[in-house]
Amino acid sequence: MADKLTDKPIHLGLGATAFSEAPFTGDPAWYQAYGERHANDGAEGRLVSLHNFTEPWAVWEMHPVGAEVVICIKGEMSLIQQMNDGSEKQIVLGEGEYAINPPGVWHTADVAGEATALFITAGQGTENRDR
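Trainee: Help me out: how do you make sense of the sheet that holds strand β2 (residues 17–20) in this one?
Mentor: For sheets, the rule is that strands pair by backbone hydrogen bonds, running either parallel or antiparallel. Strand order in the open sheet formed by six strands is β2-β1-β3-β10-β5-β8, with antiparallel pairing between adjacent strands. In this open sheet, the two strands that pair with only one neighbour each are β2 and β8 (98–101). When the angles between neighbouring strand axes are averaged without regard to direction, this sheet yields 20 degrees. Both strand β5 (residues 68–75) and strand β10 (residues 115–121) contribute to a ladder of seven bridges, which runs antiparallel. Bridge pairing links E68 to T121 in β10.

Trainee: Explanation requested: the pattern of salt bridges in the structure shown.
Mentor: Note that side chains of opposite charge can pair when their charged atoms are close. Scanning the entire structure with this criterion turns up four salt bridges. E114 is the partner of K74 in a salt bridge, and the nearest nitrogen-oxygen pair spans 3.9 Å. One end of the pair, K74, is in strand β5; the other, E114, is in the loop between β9 (106–110) and β10, with 40 residues separating them in the sequence. In this structure K74 comes out as partly exposed when scored by relative accessible area, which is 43%. Between R131 and D110 there is a salt bridge whose closest N-O contact spans 2.6 Å.

Quick notes on the rules
- Residues numbered from 1 in each chain as written.
- Predicted model: local features only at pLDDT ≥ 70, side-chain atom pairs only at ≥ 80, totals over all residues.
- Heavy atoms only, no water.
- Pairing = 2+ DSSP bridges.
- Helix = DSSP H or I, 4+ residues; strand = E, 2+ residues; numbered from the N terminus.
- Axes fitted to C-alpha atoms, helices over the stretch in contact; angles between N-to-C directions.
- Salt bridge = Lys/Arg side-chain N within 4 Å of Asp/Glu carboxyl O.
- Buried < 20%, exposed > 50% of the residue type's maximum accessible area, 1.4 Å probe, protein only.

By themselves, these are just geometric observations and shouldn't be taken as functional.
Quick look at the structure:
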């Protein structure tokens, strides 16, 4: 039986490995357990996840050890990056378009209507803050 990426993300690890993850809950405990399971992969590990959005994100996030790829596969979303000099950059993503969040850059997103995005994330050390 196949898994749905919205329900069970994938971890891409060292040695070209891939692991189906525990059912996604979105809470901090899920991310902590994920990080503990794959700590030995360090900055090279990647979390592949698919999320549906119907409203703007409530938080900013930042990935300090690696870039994150965001691919919009349905709808439209505005990715907002807060650059290291304090300026903000807005990137509107439509279906099939992508953007890269550089390491250490805080980012969030606005969604009007509905959007679905695929994320490939270097998640080690990820930080969040209220928007």
